[in-house]
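A closer look at the structure
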Amino acid sequence: MLLSIIIPHYNLPRIILSRCIESIVQQRVPSKDYEIIVVDDASNEPPLWLEKSFTGENVRLIIAAHGGPGAARNRGIEEAKGEYIEFIDADDMLLPDCGINECLDVLRDTKPDILRFEYKICTSPDDIRNERKEKTTFCDAISGAEYMRAFRLSGSPCNYFFRRELANEHGIRFPENMFHEDEVFNTKLHCYAGNLISSDATLYAYCIRKGSTTASSSAEFEERRIGDLIRAIEELDKFRGKEKERWTDTQLQGFKHKFTILSVDAIRNMMYTGMKANDIYRKCKEGLAPLGAYPLPKAKYSTKYGLFRILANSKAGMRILRILLPSKKPLKR
């Protein structure tokens, strides 16, 4: 079997989960080539209707103990039979006739460790429409570390296919019971990917939904998210300390870029919550500095990064940043 599609699910209306699965089934991928694994994270009402509603569509339901999306994805990896894995969040979907079969042909023929594709943010049903190009472009393969060195690696685990054995060979799994678990998984996986192919195919619809985890915004929720982002940075610092002696220079540089951008994200997220500049500066000194994540290092990532770094590395500059940046997090993945 070529592909296992893993969907973590928790307390969603039936219509939302059905929409997600139908968007996969309608892609006309041969049934022998894929399976859909829905891992229910101990919902109040597990979707026991699932397998009967999608009879003959290679849909499996696994009911797991509650552990958050990271634990659900880990269980899915353990249960998967496909050579490759793709994650889809239960409240998202694949775009109609998106060209997934072209990507699967590349997986069969080229056998990359990772194949990345594009996503689209959808705020209404009108946005969910065919995004297929006349001809899909696939870039020449590079390593995952080269990709991290050259580009800003997204935190989402839902915009690429990856070879299941790559994760198993290196024991790569999601941290459980925390937010930003995907940042840890993505970084580790890309560090070890020997060949990565990027595509301009837009397959994924990220559907903004009121009440979703990423749309929640209470003070307590945001405080926990920031704490967990710092935990993710700490986890990656431990990973670097354990592995860096075996890494190539490219792996070191790729990791450094991702690690630095995560530190920038932590500072920006503190500002989005309305935290005062002096409190952000203190949090950087106490939480990020012991991990080697602050002060931000000098690097030629971009002009914007250079300016941000100069300001963020001093108490006076942090006050200027606090004025310049909005107190509300922008809408993006």
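Read on for an overview of the structure.

With that out of the way, let us pick up unusual backbone geometry. Following Y294, the chain continues to P295 via a peptide bond in cis, the omega torsion being 0 degrees. Here P295 lies in the loop between helix 10 (277–288) and helix 11 (303–312). Positive phi outside glycine occurs at K111, with the angle close to 55 degrees. Considering the arrangement of structural elements, one finds K111 in the loop between helix 4 (100–110) and strand 6 (114–122). Here K111 falls in the partly exposed class, since its relative accessible area comes to 40%.

Further remarks concern the environment of F138. On the secondary structure map, F138 appears in the loop between strand 6 and helix 5 (144–150). Taking the relative accessible area as the measure of exposure, F138 reaches 26% and is therefore partly exposed. Those residues within four positions of F138 in sequence are excluded, and the remaining contacts are E102, C103, V106, L115, I197, S198 and S199.

We now examine the pattern of salt bridges. Enumeration according to the criterion identifies 22 salt bridges in this entry. The residue K32 makes a salt bridge to D33 at a minimum N-O spacing of 3.1 Å. The class of K32 is exposed, set by a relative accessible area of 63%. Given a relative accessible area of 9%, D33 falls into the buried group.

For an α-helix the count is 3.6 residues per turn, leaving residues at separations of three or four pointing the same way. Taking 1.5 Å of rise per residue, 12 residues should cover 16 Å, and helix 7 (residues 181–192) covers 18 Å from first to last C-alpha, within 8% of that figure. Across the 12 residues that make up helix 7, a large majority, 12, are buried.

Close contact between helix 10 and helix 12 (residues 315–324) brings their axes to 9 Å; oriented N to C, the two are set at 125 degrees. Taken together, helix 10 and helix 12 sit at an angle that is classed as oblique. Here helix 10 runs over helix 12; the crossing is right-handed. Together, A277, N278, I280, Y281 and C284 of helix 10 and K315, M318, R319 and R322 of helix 12 make up the contact between the two elements.

By the criterion of burial, strand 2 (residues 34–40) is predominantly enclosed, with seven of the seven residues buried. Residues Y34, I36, V38 and D40 point to one face of strand 2 and E35, I37 and V39 to the other, with burial holding for every one of them. On the question of chirality, the crossover connecting strand 1 (residues 3–9) to the parallel strand 2 by way of helix 1 (residues 14–25) is right-handed. By the bridge criterion, five bridges tie strand 2 to strand 3 (residues 59–63) in an arrangement that is parallel. Opposite I36, over in strand 3, you have V59 as the bridge partner.

This paragraph deals with the pairing of strand 6. Judged from the three bridges that link them, strand 6 and strand 7 (residues 160–163) form a sheet pairing that is antiparallel. Bridge pairing in strand 7 links R116 to Y160. Alignment of strand 6 against strand 8 (residues 196–207), held across eight bridges, turns out to be parallel. Of the residues in strand 8, the one forming a bridge with L115 is I197.

Let us look at helix 1. For helix 1, with 12 residues, the first-to-last C-alpha span of 16 Å sits near the 16 Å given by 1.5 Å per residue. Among the residues of helix 1, I16, L17, S18, C20, I21, S23 and I24 are the ones counted as buried.

An order of 3-2-1-4-7-6-8-5 is seen for the eight strands of this open sheet, with the pairing classed as mixed. Two strands close off the open sheet at either side, each with one partner strand: strand 3 and strand 5 (93–94). Judged from the two bridges that link them, strand 4 (residues 84–87) and strand 7 form a sheet pairing that is antiparallel. Paired with Y84 across the two strands is R163, which belongs to strand 7. Against the sheet, helix 7 touches strand 4, strand 6, strand 7 and strand 8, its axis set at about 55 degrees to strand 7.

All chains considered together, the criterion is met by zero disulfides. Its sulfur unpaired, C103 is 7.5 Å from the next cysteine sulfur, which belongs to C98. Its relative accessible area of 0% is what places C103 among the buried residues.

For the rest of this paragraph, the subject is the nonpolar core. I7, F161, F162, I267 and M318 are the most contacted members of the largest nonpolar core, which has 102 residues in total. In this view, M318 contacts I267, M271, A277, I280, Y281, C284, Y294, L311 and A312; residues no more than four positions away in its chain are not counted.

Conventions used here
- Residues numbered from 1 in each chain as written.
- Predicted model: local features only at pLDDT ≥ 70, side-chain atom pairs only at ≥ 80, totals over all residues.
- Heavy atoms only, no water.
- Helix = DSSP H or I, 4+ residues; strand = E, 2+ residues; numbered from the N terminus.
- Buried < 20%, exposed > 50% of the residue type's maximum accessible area, 1.4 Å probe, protein only.
- Contact = heavy atoms within 4.5 Å.
- Salt bridge = Lys/Arg side-chain N within 4 Å of Asp/Glu carboxyl O.
- Expected span 1.5 Å × (residues − 1).
- Axes fitted to C-alpha atoms, helices over the stretch in contact; angles between N-to-C directions.
- Parallel < 35°, antiparallel > 145°, perpendicular 65-115°, else oblique.
- Left-handed = near helix turned anticlockwise from the far one by under 90°.
- Right-handed = clockwise from strand over helix to strand, strands pointing away.
- Pairing = 2+ DSSP bridges.
- Disulfide = S-S within 2.5 Å.
- Core = buried A, V, L, I, M, F, W, Y, C linked by side-chain atoms within 4.5 Å.

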